Amino acid sequence: MVYSPREVAEQVRRMVAGEGIHFADLFAQDGVLEYPFALPGQPRELRGRDAIRAYHGAASGSRRLFEMDGVDAIVRDTDDPEVVVAEIEHHGRSAVTGEAYRFRALGVIRVREGEIVSYQDYMDPIATARLLGRTADLAAALTAA
């Protein structure tokens, strides 16, 4: 089955919600994942499905740092029929702080023949660091010469 860009965005929402979707499986073999506001130690770009799979497989342990209660998505069409902008928000409780949280990210997703060829993932680095318990890493990166 060939998914539309909107349907791919829904698969991304399901992946975030932990519904058994593997992020890398949504990408074309040569797809590119970019993190324009990457955390310290996080790559700014991953090229190819295998690199995306390896990175997300290694980072999967960070998911236990929060308990999600729900995931919502708003998908906006663009003038380009291959591109949608997905605003994905999840909420729940942080296992690091014990506090409730809301986390929102924007994804600019280009889809061809049902697969992601380009995904720009815009996440707030401060909110990401708080959610993952990495504020010290972020502070150290800000004060490094």
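The structure we're discussing is the one just above.
Calculation rules
- Residues numbered from 1 in each chain as written.
- Predicted model: local features only at pLDDT ≥ 70, side-chain atom pairs only at ≥ 80, totals over all residues.
- Heavy atoms only, no water.
- Buried < 20%, exposed > 50% of the residue type's maximum accessible area, 1.4 Å probe, protein only.
- Helix = DSSP H or I, 4+ residues; strand = E, 2+ residues; numbered from the N terminus.
- Pairing = 2+ DSSP bridges.
- Phe/Tyr/Trp six-rings, centres within 6.5 Å; stacked < 30°, edge-to-face > 60°.
- Axes fitted to C-alpha atoms, helices over the stretch in contact; angles between N-to-C directions.
- Contact = heavy atoms within 4.5 Å.
- Polar contact = N/O pair within 3.5 Å; in protein donor to acceptor, adjacent residues only side chain to side chain.

K.L.:
Looking at this structure, I do not really get the pairing of strand S5 (residues 100–112). What am I missing?
P.N.:
Consecutive side chains of a regular strand alternate in pointing toward one face of the sheet and then the other. By the alternation rule, side chains of S5 split into Tyr101, Phe103, Ala105, Gly107, Ile109 and Val111, which are all buried, and Ala100, Arg102, Arg104, Leu106, Val108, Arg110 and Arg112, of which none is buried. In this structure, strand S4 (residues 83–94) lies alongside S5, joined through 11 bridges in antiparallel fashion. Bridging from a neighbouring strand, Glu89 pairs with Arg104 of S5. Linking S4 back to S5 in an antiparallel pair, the connection comprises five residues, with Gly98 at a positive phi of about 80°. Between S5 and strand S6 (residues 115–123), which follow one another and run antiparallel, lie two residues, and Glu113 among them has a positive phi close to 50°.

K.L.:
What's the story with the packing of aromatic side chains in this structure? I'm lost.
P.N.:
One pass over the full model with this rule turns up six aromatic pairs. For the ring pair Phe27 and Tyr119, a centre distance of 6.4 Å and an interplane angle of 40° mean the geometry is tilted. Here Phe27 is found in strand S1 (residues 27–34), whereas its partner Tyr119 is found in strand S6, with 92 residues between them in sequence. By the burial criterion, Phe27 is buried, and Tyr119 matches it. With 6.3 Å between their ring centres and 55° between their planes, Tyr35 and Tyr55 make a pair best called tilted. Of this pair, Tyr35 sits in the loop between S1 and strand S2 (45–47) while Tyr55 sits in helix H2 (residues 49–59); the two residues are 20 residues apart in sequence, bridging distant segments of the chain. Judged by relative accessible area, which is 3%, Tyr35 ranks as buried.

K.L.:
I'm lost on the sheet that holds S5 in this one. Help?
P.N.:
Each strand in a sheet pairs with another by means of backbone hydrogen bonds, the pair being arranged parallel or else antiparallel. Here six strands make up an open sheet; going across it, the order is S2-S1-S6-S5-S4-S3 and the pairing mixed. In the strand order of this sheet, the two ends are held by S2 and strand S3 (66–77), each with one partner. Across the sheet, the axes of successive neighbouring strands diverge by a mean angle of 20°, strand direction being ignored. Bridge analysis of S3 against S4 gives 11 bridges, and the strand direction is antiparallel. For Phe66, the partnering residue across the bridge sits in S4 and is Ser94. Of the strands in this sheet, S3, S4, S5 and S6 are in contact with helix H1 (residues 5–16), which crosses S3 at around 170°.

K.L.:
Any chance you could explain the pairing of S1 here in plain terms?
P.N.:
As defined by bridge partners, S1 adjoins S6 across four bridges and the pair is classed as parallel. Within S6, the position partnered with Phe27 by the bridge is Ile116. Relative to S2, S1 runs antiparallel, the two sharing three bridges. By the bridge assignment, Glu34 is partnered in S2 with Glu45.

K.L.:
What is the right way to look at unusual backbone geometry in this model?
P.N.:
The bulk of non-glycine residues show a negative phi, and the bulk of peptide bonds are trans. One non-glycine residue with positive phi stands out, namely Glu113, at about 50°. Here Glu113 is to be found in the loop between S5 and S6. Exposure remark for Glu113: the relative accessible area of 74% places this residue in the exposed category.

K.L.:
Please explain the side chain of Glu87 as it appears in this structure.
P.N.:
Secondary-structure assignment places Glu87 in strand S4. Judged by its relative accessible area of 19%, Glu87 is buried. For Glu87, the side chain forms a polar contact with the side chain of Arg104, separated by 3.2 Å.

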